[in-house]
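Okay, here's what each chain looks like letter by letter:
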Amino acid sequence: MILQSRQVLFYFSNKYNGDFKLAFEAIKAKEKLDESLLSYYLSLNKANFVTLLDENYPECFKNIYNPPLVIYYYGDINLIGKLPILGVVGSRKITSYGQKSLDMLFNNLDASKEFALASGMAYGVDSYSQYLAIQNNIKVISVLGSGIEQIYPLASKKIYNYCKDPNSGLVISKYPNNVLPLKDHFPRRNSILASIITSLLVVEGEIQSGTSITVKDVLNLGKDILCIPNRIDSKYKLTNRLIKDGGEICLSIDDIYQSLFRYGKK
């Protein structure tokens, strides 16, 4: 078998379950490739995939630390770079205030403003915002911290299926097949989310949280942070802190549009 370079990346991505460091070290050490094992991995794989060496590998991924060697996906990969993308993050325990805030934003959409919404399918703010986007026929992108075939949490299966349809969204992961959603996968998932979005909307979050990690990734990439202000007696103090430190306050859908379309994207 004459191997293509992309097959080599696919092989090591599968062998090391999407772990960049392990796969990179194996390639660097010129670890021998088992062709029968490659054939097995190819037979297991159902998803589309794009490698770091492919022409259609999204440029934005090259801007993050340890860019994924392979991205597995279902849906329309061209959404990345095609539309402005609003990332939405926040607590997994969304409050009634958080829900009402998102309801207010999405109940006042301008049909002429086309954008996609990206989040992580998690409980709380992630899934609530994605369900609102689905209800309003917005393109939805889900970035997984598990294998591309591993729906996590299972309660978000409707979101996953919506994103699998090329006409309505995209679901992506750096992890192949049914790799489990391990704790250390989520910071890496967050860096991928940060790379694809135009702006980030922070709804609710604690100062030390997964949400704050995503915020740091987005700030490092020089992108806008939009914050829904919270009560001063709430434990979710992150958005107020960000506003105090210079983050943009978000009071209406127009604030989101201004951020998403300020560079002339339609």
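What comes next is a walk through the structure. No experiment lies behind these values; they were computed from the predicted model shown. (Residues numbered from 1 in each chain as written. Predicted model: local features only at pLDDT ≥ 70, side-chain atom pairs only at ≥ 80, totals over all residues. Heavy atoms only, no water.)

### Thoughts on the overall build of the chain
Argument step 1. A tally of regular secondary structure across the chain gives 10 helices and 9 strands.
Argument step 2. Taking 2.2 N^0.38 as the reference for a compact globule, 266 residues should give roughly 18 Å; the C-alpha atoms of the chain span a radius of gyration of 19 Å, in line with that estimate.
Argument step 3. Taking the principal axes of its C-alpha atoms as reference, the chain extends roughly 60 × 35 × 35 Å.
Argument step 4. Within the chain, the fraction of its 266 residues that count as buried is 53%.
Argument step 5. Long-range contacts, defined as pairs at least 24 residues apart, comprise 72% of the intrachain contacts of the chain with a sequence gap of at least 6.
Argument step 6. Carbon together with sulfur atoms contributes 51% to the accessible area of the chain, which is approximately 13,000 Å² in total.
Argument step 7. Each charge class in the chain can be summarised by its mean position, and for the 31 positive and 25 negative side chains these summaries are 3 Å apart. (Helix = DSSP H or I, 4+ residues; strand = E, 2+ residues; numbered from the N terminus. Rg over C-alpha atoms; globule rule 2.2 N^0.38 Å. Buried < 20%, exposed > 50% of the residue type's maximum accessible area, 1.4 Å probe, protein only. Contact = heavy atoms within 4.5 Å. Areas by Shrake-Rupley, 256 points an atom, 1.4 Å probe, with all protein chains shown as cover. Lys, Arg positive; Asp, Glu negative; His and termini not counted. Charge placed at Lys NZ, Arg CZ, Asp CG, Glu CD.)

### Overview of the pattern of salt bridges
Close approach of charged atoms allows side chains with opposite charge to pair.
Argument step 1. Inspection of every chain in the model, using the stated rule, returns 7 salt bridges.
Argument step 2. Across the salt bridge formed by Arg6 and Asp54, the nearest N and O atoms sit 3.0 Å from each other. Note that Arg6 is positioned in helix α1 (residues 5-15) and Asp54 in the loop between β1 (48-51) and β2 (70-75), a separation of 48 residues in sequence.
Argument step 3. With a closest N to O distance of 2.7 Å, Asp233 and Arg231 form a salt bridge. Summarising the burial analysis for this pair, Asp233 and Arg231 share the class exposed.
Argument step 4. Residues joined in a network through salt bridges with shared partners are Asp224, Glu248 and Arg262. (Salt bridge = Lys/Arg side-chain N within 4 Å of Asp/Glu carboxyl O.)

### A look at the nonpolar core
Argument step 1. Counting residues in hydrophobic clusters, the biggest one holds 49 residues, and the most contacted among them are Leu201 and Ile256.
Argument step 2. Each residue touching Leu201, except ones within four places of it in the same chain, is listed here: Leu86, Gly87, Val88, Val89, Leu102, Leu105, Leu226, Ile228, Cys250 and Ile256.
Argument step 3. Judged by nonpolar contacts, the second largest core, of 32 residues, contains Tyr73, Leu170, Ala194 and Cys227. (Core = buried A, V, L, I, M, F, W, Y, C linked by side-chain atoms within 4.5 Å.)

### Details of the packing of helix α5 (residues 125-135) against helix α6 (residues 157-164)
Argument step 1. Relative to each other, α5 and α6 sit at 50 degrees, their axes nearing to 10 Å. As judged from the angle between their axes, α5 and α6 are oblique. Where α5 crosses over α6, the two elements pack in a sense that is left-handed. Along the contact surface, α5 presents Ser127, Gln130, Tyr131 and Ile134, while α6 presents Lys158, Ile159 and Tyr162.
Argument step 2. Here the residues of the contact of α5 with α6 are counted per class, giving 4 nonpolar, 2 polar and 1 charged. (Axes fitted to C-alpha atoms, helices over the stretch in contact; angles between N-to-C directions. Parallel < 35°, antiparallel > 145°, perpendicular 65-115°, else oblique. Left-handed = near helix turned anticlockwise from the far one by under 90°. Nonpolar A, V, L, I, M, F, W, Y, C, P; charged D, E, K, R; others polar.)

### Overview of the sheet that holds strand β8 (residues 224-227)
Argument step 1. Strands sit in the order β1-β2-β6-β5-β4-β3-β7-β8-β9 across an open sheet of 9 strands; the sheet is mixed. Looking at the sheet topology across the chains shown, the edges are occupied by β1 and β9 (248-249).
Argument step 2. Of the pairings in the sheet, the one linking β1 to β2 comprises 4 bridges and is antiparallel in character. Opposite Thr51, over in β2, you have Val70 as the bridge partner.
Argument step 3. Packing of helix α8 (residues 210-220) onto the sheet brings it into contact with β3 (85-89), β7 (199-202) and β8, and relative to β7 it is tilted by some 155 degrees. (Pairing = 2+ DSSP bridges.)

### Observations regarding the pairing of strand β5 (residues 139-143)
Argument step 1. Summarising burial for β5: 4 of the 5 residues are buried, a large majority.
Argument step 2. As paired elements, strand β4 (residues 116-119) and β5 share 4 bridges and run parallel to each other. In the strand pairing of β5, Ala118 is matched with Ile141.
Argument step 3. Tracing the backbone out of β4, into α5 and back to the parallel element β5 gives a crossover that is right-handed.
Argument step 4. Both β5 and strand β6 (residues 169-173) contribute to a ladder of 4 bridges, which runs parallel. Paired with Val143 across the bridge in β6 is Ile172.
Argument step 5. Each parallel crossover has a hand, and for β5 linked through α6 to β6 it is right-handed. (Right-handed = clockwise from strand over helix to strand, strands pointing away.)

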